[in-house]
Amino acid sequence: MQTDSLSDRILKGERRALARAITLAESNRADHRAQASDLLARLAGSGRQALRIGLSGTPGVGKSTFIESFGMMLTGQGLRVAVLAVDPSSARSGGSILGDKTRMERLSREKNAFIRPSPSQSHLGGVARRTREAIALCEAAGYDVVLIETVGVGQSETVVSELSDLFLLLLAPAGGDELQGVKRGIMEMADIILINKADGDLKATATRTCADYAGALRLLRKRPQDPEGFPKAMTVSAVEEQGLEQAWHEMQFLTRWRRDNGIWEANRAAQARYWFDQEVRHALLARLDTPQAKAEMERLNAEVSAGRLNPARAAEKLLGTLS
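Presented here is an overview of the structure given in this document. Because the structure is a prediction, the values reported are computed rather than measured. (Residues numbered from 1 in each chain as written. Predicted model: local features only at pLDDT ≥ 70, side-chain atom pairs only at ≥ 80, totals over all residues. Heavy atoms only, no water.)

**Details of the packing of helix 3 (residues 30-43) against helix 7 (residues 131-140)**
Spelled out, the test is: For every element, the axis is a line fit to its C-alpha atoms; helices are fit only across the contacting stretch, and the angle between N-to-C directions ranges from 0 to 180 degrees. Secondary structure elements follow DSSP: runs of H or I no shorter than four residues count as helices, runs of E no shorter than two count as strands, and numbering proceeds from the N terminus. By definition in this entry, angles of less than 35 degrees are roughly parallel, angles greater than 145 are roughly antiparallel, angles of 65 to 115 are roughly perpendicular, and the rest are oblique. Left-handed describes a crossing whose near helix is turned anticlockwise from the far helix by less than a right angle; the clockwise case is right-handed. Contacts were defined at the residue level, with two residues in contact if any of their heavy atoms lie within 4.5 Å. Think of it as three bins: nonpolar holds Ala, Val, Leu, Ile, Met, Phe, Trp, Tyr, Cys and Pro, charged holds Asp, Glu, Lys and Arg, and polar takes everything else, Gly as well.
With their axes 10 Å apart at the nearest point, helix 3 and helix 7 run at an angle of 40° to one another. Judged by the inter-axis angle, helix 3 sits oblique to helix 7. The chirality of how helix 3 crosses helix 7 is left-handed. On helix 7, the residues touching R33, L39, L40 and L43 of helix 3 are E133, A136, L137 and A140. Within the contact of helix 3 with helix 7, the residues separate by chemical class into 6 nonpolar, no polar and 2 charged.

This is the structure we're talking about:
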C-alpha cells in the first residue's frame, strides 16, 4: 500500500490502517523503515495531539485490569482511547505471548478503543523501541488518550516517562513502606502513584500503603513541573471501579496546569531531543552489524584473547574503521 493512501485512511481514523502502519513502524526491514519514515512525515502536519499516559508497575499489580476499567470509563465519556501494551520478549527464543488484549475483553470490543500489544524485543526500559512512533500514529488517527502499558518493571525502568505527558505508577497494597517510597528511580519519575486492589480484605492495607507513600513523596525534592500537592498517592480499585473518576480528575487538573504554565510543550520538546539522541545511538550500533565490522571485531577479539591488545585499544581500532 502506498504511504499517501495509508496516511489518508489513518487520518480518517480507520483502525485497520492504523494497525498496518504500526506493523510497518515496528519492522526492521530497510524498505519498511523508509516507508514508515515517509508515513510519519506525512502525518506530522495533522496537528493532532493526544494525552499520553504512561503506566508502569510490578508484574501482577493489575495494570491490564486497571486499563480496561479506566478505558471503559473514558470511552463512556465519549473519548477515543488507544492502548499500547508492551509485552516482554523471551531472551531465549525472542518470542512474546502478546496476550494483554485477551485480558481486556470488554475494552477490546469497544468501538472507540484500539488495543495494540507489541513485543519489547531486546529493548530495555519497559517499552518497545518503536512505541514512540506508534504513539504518533495513534495521535494522527484522532485518539484523545493514549495509554502506554509497560512490561512489569523495577526501580530503574523509567524510559516510559520519556514518552508520556503523565506517568502513573501502579502499586499493590503492602508493597513497601516509606523507605521504599523515597528510593530514587521510578518513584521520583511518577506524577501519580495509584495503590490498586483497594477493595475487600485489602482495602485497609491499601489505605495504609497509600499513607506511607504520600508521606514519602513529601520528603522528595519538589519538581518544577508540579503544582502544589503533586506528585500524589491515591487508592483505586480496578475490579470495583472505585477511585477512577477521582484519579482522572487529578490527571486533567495536572495536564491543564502544565499546559497553562508552558511545561507541556517544553516537556515534549525535551522528549523529542531525547529520542533524536537515541536514534543516533541505535544507528551507530547498527553499523556494527555489517559483515565487515563483524569480521574486524572477530580479528580484534582474537588479539584481545591472546593478550596482545588491551580491550580499550582494540575498541579504538574498531571505531576507527567505522569512521
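**Re the layout of surface pockets**
Inclusion rule: We place a 1 Å grid over just the protein atoms. Points where a 1.4 Å probe fits but has no way out form a cavity, open points with protein on both sides within 12 Å along at least 5 of 7 lines form a pocket, and any residue with an atom within 4 Å of a point lines it. Grid points are joined across faces, edges and corners, and a volume is the space filled by probe spheres set on the points.
If you add up the space inside the largest pocket, you get close to 560 Å³. Every residue lining the largest pocket is counted, 20 residues in all, and those nearest its centre are A44, R52, R132, A136 and E139. Top contributing element to the lining of the largest pocket by residue count: helix 7, with 6 residues. Looking at the lining of the largest pocket residue by residue, the class counts come to 9 nonpolar, 4 polar and 7 charged.

**Here we look at empty space enclosed by the protein**
Taken as a whole and assessed by the stated rule, the structure comprises 2 cavities of 30 Å³ or more. Around the largest cavity, the lining residues are L51, D165, L166, T255, R258, I263, W264 and N267. Mapped onto the lining of the largest cavity, the elements with two or more residues apiece are helix 11 (244-260) and helix 12 (263-286). Considered class by class, the residues forming the lining of the largest cavity number 4 nonpolar, 2 polar and 2 charged. For the lining of the second largest cavity, the elements supplying multiple residues, two or more each, are strand 2 (81-87), strand 3 (113-119) and helix 7.

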